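A closer look at the structure
Each chain, letter by letter, is given below.
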Amino acid sequence: MLTASIVVHKTPPPQLQKAIQCLLRSDIERVYIIDNSPVDSLRRSLPEDHRLDYRHVENNGFGAGHNIAIREALKRPGEGYHLVMNADVCWEGDVLKPLVDYLHKNTDVGMVMPKVFYPDGALQYTCRMLPTPLDLFAKRFLPKSITQKRMERYLLAEHDHDKPLNCPYLLGSFLLFRNDALRACGIFDERYFMYPEDIDITRRIHIKWRTMYWPGVSIIHEHAAESRKSKKMLKIHISNMIKYFNKWGWLIDPTRRRLNRRLRKSISPLPVSKRPVARG
């Protein structure tokens, strides 16, 4: 049993329609569209399909929106999987069946993410080390000439992205969860309005299950990076990262240190000359 959810907020209808059509091409039981927009207008743009479940709700954040759908999905008995994805994601063919088959065959994997590309064909760095406060500060505010080496380490740029990797932080644009892992480890932490909820849930599941970057299939993600364009979104980003580090630890985080050390040992290094065009 496979379900999916997309949380939207003032999303352009053509973009959402494209994402929905990608989902409906697969053998999916239910697609939840959780609309956080101030006005209930996207409903009219949706295709008619009995598998769609559209809900216009109060905007309590990205994770809270997905949790509405996840709670419904977890009520269903039997082996199940739930996909959390962004509206700015699309793909050709059916990428969901191979991912579900991967989870079905690898029962110790709690969640999986495919290979991700930007629309221009560049690889997107979506599997990462658990961040320190310095990593995030450097990535956001310091010039590339100073931070490049540190960012390449944090973004696992040296890893051969044609090979799978058990990673404690997978970017939240497209995450396929095993429902039993969500039952065991919990759903999204709603203290975060948006941004660090993917770091938080990946590391929680990673402690008990493998959380895999699996390049057997790939998707395209536009990745708007709104906090780089909007002072309001930057403020939200900073506020929620403070909540994250207050929860897990700022300079002292033994779990982060242990998981990152284990990750570094498992990387398949690729020479700089053979790395694809990529960015985080």
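Residues numbered from 1 in each chain as written. Predicted model: local features only at pLDDT ≥ 70, side-chain atom pairs only at ≥ 80, totals over all residues. Heavy atoms only, no water.

A look at the overall build of the protein chain
Worth spelling out the cut-off: Each helix is a run of H or I in the DSSP string that is no shorter than four residues. Each strand is a run of E no shorter than two, and both are numbered from the N terminus. Put simply, the radius of gyration uses C-alpha atoms, and a globule should come to 2.2 Å times the residue count raised to 0.38. Only protein chains enter the area calculation, which uses a 1.4 Å probe; residues under 20% of their type maximum are buried, those over 50% are exposed, and those in between are partly exposed. Every residue pair with non-hydrogen atoms within 4.5 Å of one another is taken to be in contact.
Broken down by element type, the protein chain carries nine helices and 13 strands. Relative to its length of 280 residues, the protein chain is compact, with a C-alpha radius of gyration of 18 Å against a globular reference of 19 Å. Along the three orthogonal principal directions, the C-alpha set of the protein chain runs to about 50 × 45 × 35 Å. Per-residue burial for the protein chain yields a buried fraction of 54% across its 280 residues. Across the protein chain, the fraction of contacts at a sequence separation of at least 24, relative to all contacts at a separation of at least 6, is 79%.

Things to note about the packing of helix H7 (residues 197-206) against helix H8 (residues 231-248)
For the record, the criterion: Axis geometry follows a simple rule: fit a line to the C-alpha atoms, using only the stretch in contact for helices, then measure angles between N-to-C directions, giving values from 0 to 180 degrees. The scheme is simple: roughly parallel for angles under 35 degrees, roughly antiparallel for over 145, roughly perpendicular for 65 to 115, oblique for anything else. Here the term charged refers only to Asp, Glu, Lys and Arg, the term nonpolar to Ala, Val, Leu, Ile, Met, Phe, Trp, Tyr, Cys and Pro, and the term polar to all other amino acids, Gly among them.
Running from amino to carboxyl end, H7 crosses H8 at an angle of 25 degrees, the nearest separation of the two axes being 10 Å. Judged by the inter-axis angle, H7 sits roughly parallel to H8. For the pair H7 and H8, the contacting residues are Ile199, Asp200, Arg203 and Arg204 in the first and Met241, Tyr244, Lys247 and Trp248 in the second. Within the contact of H7 with H8, the residues separate by chemical class into four nonpolar, no polar and four charged.

Looking at the packing of helix H4 (residues 133-141) against H8
For the pair H4 and H8, the least separation of the axes is 11 Å and the interaxial angle reads 170 degrees. With respect to H8, the element H4 is oriented roughly antiparallel. Facing Pro133, Leu136, Arg140 and Phe141 of H4, the residues of H8 in contact are Leu234, His237, Ile238, Met241 and Phe245. Residue classes in the contact of H4 with H8 are distributed as seven nonpolar, one polar and one charged.

Regarding the environment of Glu58
The topology assignment puts Glu58 in the loop between strand S3 (52-56) and helix H2 (62-74). Sequence separation of Glu58 and Arg262 is 204 residues, and the distance between their C-alpha atoms is 40 Å.

Focus on a nonpolar patch on the surface
The cut-off we apply is this: Like charges are joined within 9 Å and nonpolar side chains (Val, Leu, Ile, Met, Phe, Trp, Tyr) within 5 Å, but only among residues with over 30% relative accessible area and no salt bridge; these make up the patches. The method behind every accessible area is Shrake-Rupley, applied with a 1.4 Å probe, and residues are considered shielded solely by the protein chains displayed. Each salt bridge in this description consists of a side-chain nitrogen of Lys or Arg and a carboxyl oxygen of Asp or Glu lying within 4 Å of one another.
The grouping of Leu134, Phe137, Phe141, Leu142, Ile146, Ile238, Ile242, Trp250, Leu251 and Ile252 at the surface amounts to a nonpolar patch, some 1000 Å² of accessible area in total. When residues in the nonpolar patch are grouped by element, the largest group, three residues, is from H4. Take Ile242: it is sitting in helix H8.

Focus: helix H5 (residues 144-154)
Under the convention used in this document: The directions from the helix axis to the C-beta atoms form the arc being described.
Taken as a whole, H5 has its buried residues at Thr147, Met151 and Tyr154. The arc that holds the buried residues of H5, viewed along the axis, is 50 degrees, so those residues lie on one side. Exposed side chains of H5 directed beyond 90 degrees from the buried face belong to Ser145 and Lys149. One or two residues past the end of H5 sits Leu156, with phi positive at roughly 60 degrees.

Structural notes on unusual backbone geometry
Positive phi, close to 55 degrees, is recorded for Lys10, a residue that is not glycine. Here Lys10 shows up in the loop between strand S1 (2-8) and helix H1 (13-24). When its relative accessible area of 61% is taken as the criterion, Lys10 is described as exposed. Of note in this structure, Tyr195 is not a glycine but carries a positive phi near 95 degrees. Tracing the backbone through its elements, the reader meets Tyr195 in the loop between helix H6 (179-185) and H7.

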